[in-house]
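# Coordinates in review
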Amino acid sequence: MINKIDVAKEFSARPYGRYRDDGEFSAQRFREEFLLPAFEQGLPFLVDLSGSNRYGSSFLEEAFGGLIRDGITQEQLGLMEIKHELLPSIPLEAKEYIEQAISANDN
Amino acid sequence: MKKITLDTILQHERQAIDREKRRRRLRGENRSTQEASNNDFYAQISNRNTVTFDERCEFTNSNINATLEPILSLRSKVESGEKVVLDFSKTVYCSAIFVVYLFSEIELLMNQYGQNTIDLNLYTLPDKLKRLFKGIGLLQLIKTRVSDNTSRRFLPVTRGINDQQLDDIISFVIDQARFKTDLSDQQRARVELLTSSAISEAMLNVQYHAYPTSEIDRYWWIMAAIIDGDLYIALCDRGVGIPSTLPYSSWWEQIMGALPINDDAQMIAAAMKYTRSSVIGKRGRGKGTRDIQKLVLEHKKGLLTIVSGKGLYRLNGAPYEEDRREEHFPLLYDISGTAINWRIPLED
């Protein structure tokens, strides 16, 4: 069975901000405490964003675009699947930020 | 302190004015009694100077300068040690963005110069404004003994420093939206996403940019209200203003040279246009500005108003670019901060 990170249950239904200084449930904390450890295991995993509808652009960019800045490779990104039951625009936006971070990295 | 109703306070003030009128009549001051308005009486018996607000207090191109003048006068008088009474007897309309800005100004002045420096003439305050001022908590700020708001149509102004109160605002918006129309789970989720991302990104902008030299007091003030079937959410800060911070943005140099930028209003408009349409710099800064616009862009009749520094910007929302309308106007006065208002129709 694929590993799953249920963001609303395991992290917070009220994610807010980019950096740890911004608040308790920041993107930086989510990336460092949930996403990066999941990549370290080297197994496929699902990031389930359902259960919260409060993902601002800053949070999504820092959580997912920040993976590239932290050195996650495109090959590793293949391990991660992102979904939101009600709002598919949210995983699409997260993927857009990953693409933009890759593009910025290449330049 | 025991809270009492607005009517009781009003009754006390009316009695005080009537007593003063009787006293003057007995002293043979009939002529001045007839000529003096109730407003003058209130100022005289409370030994205060009056600041009179305009007929329409709103941040629109035609009225913003006349709306700001009494606020500047209020600040100037309080700073010079005068006690002031606010007079809204001529006012027929106050916009949400104006009242949240006024609230922030009064709270800052009271914190610095004392609670007793500012009073409000309830006697001549129109009934519609009494309901509004009570609903958003302005009466309770000035007249500390007035009992709290119980209206479902208003979420009182609150002051905060991060995402505090976001839950209250979102719940209010969802409740009001549900009250007006049947929302599916997906629609409800969409309303929550658009509202929370717009507000939280505006709050983050305050945290990141508004108070660059201050380690404390990175405050914003926020309120929400339903007025004539439209949802209003207004947020303001008293920081340095958007035009002062834009030149430090990583993407600002990409705008410079591409657009005519000669004043604060053009700076705000350029930033809005650029962040709406472009892939932004390395860390994606500026995306939050896009979220702030998204809330109205998806509504045909949505209106976003931003006043910052000496600039006014308005964006009439619509799903398609060709239907959108943007305006920007330079102002005579610097508002010392930023005020943002979203107006969202709850019914088509």
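Criteria and thresholds
- Residues numbered from 1 in each chain as written.
- Chains lettered and ligands numbered in written order.
- Predicted model: local features only at pLDDT ≥ 70, side-chain atom pairs only at ≥ 80, totals over all residues.
- Heavy atoms only, no water.
- Helix = DSSP H or I, 4+ residues; strand = E, 2+ residues; numbered from the N terminus.
- Buried < 20%, exposed > 50% of the residue type's maximum accessible area, 1.4 Å probe, protein only.
- Contact = heavy atoms within 4.5 Å.
- Salt bridge = Lys/Arg side-chain N within 4 Å of Asp/Glu carboxyl O.
- Polar contact = N/O pair within 3.5 Å; in protein donor to acceptor, adjacent residues only side chain to side chain.
- Nonpolar A, V, L, I, M, F, W, Y, C, P; charged D, E, K, R; others polar.
- Pairing = 2+ DSSP bridges.
- Axes fitted to C-alpha atoms, helices over the stretch in contact; angles between N-to-C directions.
- Parallel < 35°, antiparallel > 145°, perpendicular 65-115°, else oblique.
- Core = buried A, V, L, I, M, F, W, Y, C linked by side-chain atoms within 4.5 Å.
- Domains from an automatic or database assignment.
- Disulfide = S-S within 2.5 Å.

### A closer look at the overall build of chain A
Scanning chain A from N- to C-terminus turns up 5 helices and 3 strands. Walking chain A from its N terminus toward its C terminus, one meets helices and strands in the order β-α-α-β-α-α-β-α. Looking at chain A residue by residue over its 107 residues, the buried ones come to 57%.

### Structural notes on the interface of chain B and chain A
Think of interface size as the accessible area that goes away when the parts come together; that is how it is often given. Of the residues lining the interface, 27 residues belong to chain B; the matching set on chain A comes to 27 residues. Run the count over chain B and chain A and you get 5 salt bridges. Notably, a salt bridge pairs B:D167 with A:R14, separated by 2.6 Å at the nearest N-O pair. At the junction of chain B and chain A, the tally comes to 14 residue pairs in polar contact (both at pLDDT 80 or more). For the side of chain B that touches chain A, the secondary-structure elements that each account for two or more residues are helix 8 (166–180), helix 9 (185–210) and helix 13 (287–297) of chain B. By residue number, the principal contributor to the side of chain B that touches chain A is helix 9 of chain B, which donates 14 residues. Of the residues contributing to the side of chain B that touches chain A, the split by class is 7 nonpolar, 7 polar and 13 charged.

### Focus on the sheet that holds strand 3 (residues 80–83) of chain A
Residues and elements named next belong to chain A. Spatial ordering of the open sheet is given by 1-2-3, a layout of 3 strands whose pairing is parallel. Edge positions in the sheet fall to strand 1 (3–6) and strand 3, since each has one partner strand and no second. Pairs of neighbouring strands in the sheet enclose a mean axial angle of 20 degrees, with direction left out of account.

### As for the packing of helix 4 (residues 64–79) of chain B against helix 5 (residues 96–113) of chain B
Residue and element names in this part refer to chain B. Where helix 4 meets helix 5, the closest approach of the two axes is 11 Å, and the angle between their N-to-C directions is 5 degrees. Judged on the interaxial angle alone, helix 5 and helix 4 are roughly parallel. Residues T67, L68, I71, L74, R75, V78 and E79 of helix 4 form the contact with helix 5, whose participating residues are F98, Y101, L102, E105, I106, L108, L109 and Y113. Class assignment for the residues of the contact of helix 4 with helix 5 results in 11 nonpolar, 1 polar and 3 charged.

### Re the nonpolar core
Counting residues in each nonpolar core, the largest one holds 97 residues, and the members touching the most others are B:L86, B:F88, B:F98, B:I106, B:F133 and B:W342. Counting residues per element, this core draws most heavily on helix 5 of chain B, at 11 residues. Residues lining this core come from more than one domain, with at least three contributed by each of domain 1 (6–142) and domain 2 (154–345) of chain B. Dropping the residues within four chain positions of it, B:F88 is found in contact with B:F53, B:C57, B:C94, B:F98, B:L102, B:L120, B:T124, B:L125, B:P126, B:L129 and B:F133. Listed in part, the 33 residues of the second largest apolar core include A:L49, A:F64, A:M80 and A:A101.

### Considerations on the state of the cysteines
This model, assessed by the stated rule, comprises 0 disulfides over all chains. Not engaged in a disulfide, the cysteine B:C94 finds its nearest cysteine sulfur in B:C57; these two sulfurs lie 4.4 Å apart.

### Focus on the sheet that holds strand 11 (residues 325–330) of chain B
Pairing between the strands of a sheet comes from backbone hydrogen bonds, and it takes one of two forms, parallel or antiparallel. Residue and element names in this part refer to chain B. The strand order across the open sheet built from 7 strands is 6-7-8-12-9-10-11, with neighbouring strands paired in antiparallel fashion. Each of the sheet's edge strands pairs with one partner strand only, and the pair in question is strand 6 (154–160) and strand 11. Direction aside, the axes of adjacent strands within the sheet are offset by 10 degrees on average. Looking at chain direction, strand 8 (residues 230–237) and strand 12 (residues 338–345) are connected through 8 bridges and run antiparallel. Pairing of L235 across the sheet is with I340, part of strand 12. Against the sheet, helix 9 touches strand 7 (220–227), strand 8 and strand 12, its axis set at about 10 degrees to strand 8.

### Brief notes about the environment of A:L87
Tracing the sequence through the fold places A:L87 in the loop between strand 3 and helix 5 (89–106). Given a relative accessible area of 3%, A:L87 falls into the buried group. In sequence terms A:L87 and A:S50 are 37 residues apart; their C-alpha atoms lie 8.1 Å from each other. Among residues more than four places away in sequence, those in contact with A:L87 are A:N53, B:Q186, B:A189, B:R190 and B:L193.

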